[in-house]
Amino acid sequence: MAEVIWTAPALQELDAVAEYIALDNSAAASSLVKAVFDKTERLENFPESGRTPPELPHSIYRELVIPPLRIFYREDKNRILILYVMREERQLRVFMLDNSG
């Protein structure tokens with residue numbers, strides 16, 4: 001079983017998205033945050049359950065898609081590092097992942 005560890009940039013971005021959604025609908029924001037933590041928790045037992053990001057076909061990174069978010073992570077021995085959270089409509093740049101953890 002792997003330990004899921006959130007990096008500060010990933011938590012900050014999740015918080016920023018949730019705050020923005022909460023301006024119009026606090027229940028939706030809470031529901032999204034709960035869904036994100038529920039799905040990332042499952043990585044403890046199923047670390048390869050996320051897909052390889054289409055932009056990075058041969059990389060060490062994987063992602064979970066929880067609309068409207070993409071959650072990027074990688075395995076590191078017995079740890080799952082949640083590196084970056086971004087809205088689906090944004091374009092991924094590799095430096096976003098390299099500087100996040």
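This report concerns the structure included in the present document. (Residues numbered from 1 in each chain as written. Predicted model: local features only at pLDDT ≥ 70, side-chain atom pairs only at ≥ 80, totals over all residues. Heavy atoms only, no water.)

### Some points on the pairing of strand S4 (residues 79-87)
And step 1. Taking burial as the measure, the nine residues of S4 include seven buried ones, the bulk of the element.
And step 2. Of the strand pairs in this sheet, strand S3 (residues 69-76) and S4 are connected by eight bridges, and their pairing is antiparallel. The residue bridging Arg74 from the neighbouring strand is Leu81, located in S4.
And step 3. The antiparallel hairpin formed by S3 and S4 contains two residues in its connecting segment, where Lys77 sits at a positive phi of about 60°. (Buried < 20%, exposed > 50% of the residue type's maximum accessible area, 1.4 Å probe, protein only. Helix = DSSP H or I, 4+ residues; strand = E, 2+ residues; numbered from the N terminus. Pairing = 2+ DSSP bridges.)

### Some remarks on the pairing of strand S1 (residues 3-6)
And step 1. Side chains Val4 and Trp6 project from S1 onto a buried face, and the interleaved Glu3 and Ile5 project onto a face without burial.
And step 2. Here S1 runs beside S4; their pairing, made up of four bridges, is parallel. Across the sheet, residue Glu3 finds its bridge partner in S4, namely Arg79.

Remember, this is a structural readout, not a statement about activity or role.
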